[in-house]
Amino acid sequence: MKRVAVLASGGGSNLQAILNHLATRGTDAAASVVLVASDRRSAGALERASRAGIKAVALENPESGNGLMDLLQERSVDLVALAGFLRMVPAPVTTAWRGRMINVHPALLPSFGGRGMYGIRVHEAVLAHGAAVSGPTVHFVNQVYDTGPIIAQWPVRVLPDDTPATLAARVLQAEHFLYPRVLEAVASGAIALADDDTVHGSVFPEAQAHFQLSADPG
Ligand code: GRF
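Just so you know, these numbers come straight off a predicted model, no measurement behind them.

Asks: Would you explain helix 5 (residues 120-128) in this entry?
Replies: Each turn of an α-helix holds 3.6 residues, which means side chains three or four residues apart point in the same direction. Restricting attention to buried positions, one finds in helix 5 the residues V122, H123, A125 and V126. For helix 5, the angular spread of buried residues about the axis comes to 160 degrees, placing them on one side. Against strand 5 (101-105), strand 6 (133-134) and helix 6 (164-188) lie the buried residues of helix 5. Among the residues trailing helix 5, G130 stands out with phi positive, at a value near 70 degrees.

Asks: Just checking my understanding: could you explain the side chain of R181 for this structure?
Replies: Tracing the backbone shows R181 in helix 6. For R181, a relative accessible area of 16% translates into the label buried. Here F177 takes part through its backbone oxygen, which lies 2.9 Å from a polar atom of the side chain of R181.

Asks: What's the story with the packing of helix 1 (residues 13-25) against helix 6 in this structure? I'm lost.
Replies: Pairs of packed helices are described in terms of their axes, by the angle between the two and the distance that separates them. Between helix 1 and helix 6, the shortest axis-to-axis distance is 9 Å and the interhelical angle comes to 50 degrees. In terms of orientation, helix 1 lies oblique with respect to helix 6. In the crossing of helix 1 with helix 6, the sense of the turn from one axis to the other is right-handed. In this structure, helix 1 uses S13, N14, A17, I18, H21 and R25 to contact helix 6, whose residues at the interface are L172, E175, H176, Y179, P180, R181, L183 and E184. Across the contact of helix 1 with helix 6, the residue classes break down as 6 nonpolar, 4 polar and 4 charged.

Asks: Even after reading the chapter, I still don't get the packing of aromatic side chains, so can you show me in this structure?
Replies: Aromatic rings in a pair are described by how distant their centres are and how their planes are angled relative to each other. Counted under the stated rule, the structure contains 1 aromatic pair. An angle of 55 degrees between the planes, with centres 5.2 Å apart, marks the rings of W154 and F177 as tilted. Of this pair, W154 sits in the loop between strand 8 (150-153) and strand 9 (156-157) while F177 sits in helix 6, placing them 23 residues apart in sequence. One residue, R181, lies across the ring of F177, its end atom 3.9 Å from the ring centre.

Calculation rules
- Residues numbered from 1 in each chain as written.
- Predicted model: local features only at pLDDT ≥ 70, side-chain atom pairs only at ≥ 80, totals over all residues.
- Heavy atoms only, no water.
- Buried < 20%, exposed > 50% of the residue type's maximum accessible area, 1.4 Å probe, protein only.
- Helix = DSSP H or I, 4+ residues; strand = E, 2+ residues; numbered from the N terminus.
- Arc of directions from axis to C-beta.
- Contact = heavy atoms within 4.5 Å.
- Polar contact = N/O pair within 3.5 Å; in protein donor to acceptor, adjacent residues only side chain to side chain.
- Axes fitted to C-alpha atoms, helices over the stretch in contact; angles between N-to-C directions.
- Parallel < 35°, antiparallel > 145°, perpendicular 65-115°, else oblique.
- Left-handed = near helix turned anticlockwise from the far one by under 90°.
- Nonpolar A, V, L, I, M, F, W, Y, C, P; charged D, E, K, R; others polar.
- Phe/Tyr/Trp six-rings, centres within 6.5 Å; stacked < 30°, edge-to-face > 60°.
- Lys NZ or Arg CZ within 6 Å of the ring centre and 35° of its normal.

Okay, here's the thing in structure tokens:
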């Protein structure tokens, strides 16, 4: 069973989706969340973690190397999942957890990503560009925001009367489906990052079947 840390700055709905999903797996779960850390003391994610009996830590100095590194090592963390974490993860940490750190972004990368592209701004940009399709991307984390190797994406239609808020809500639902399943696949070794930065292993068959359905224009 892989020991997972979730880093979050906000409400933590993705954290909750991960906890709910792993709970349905019971003792067969490939992963267990052992730590939730945030750069914001008031983050809903910390409260959710405490409620679930998981160690919850407010990071004193989130962008400086040692604190986060020590914390992850202390808790023997195998895998890190960023879930709405708005800080740059220090390079020594992304290097040490290479292939073992994932992020979810609420648009189809490599479009609509990068520094400053978070929250509602992402969906505003998608609408401003007139994109017909959006959806979450899960990727391995490297040293540059939103540029790590892509593991999985999920198409979400942009509807004619969408506002940034309605689109955000629909994409978030897809995140809640996709992210826990990708986390599980990385934890079990079904998906792995090779030395040349290619992603090996496919998205779980259950999702691929659904993917074809939801992407079918008919
Ligand atoms: C999600 O949209 C995620 O894609 C982005 O930040 C948001 C986090 O939401 N990186 P929550 O805190 O998991 O509810």
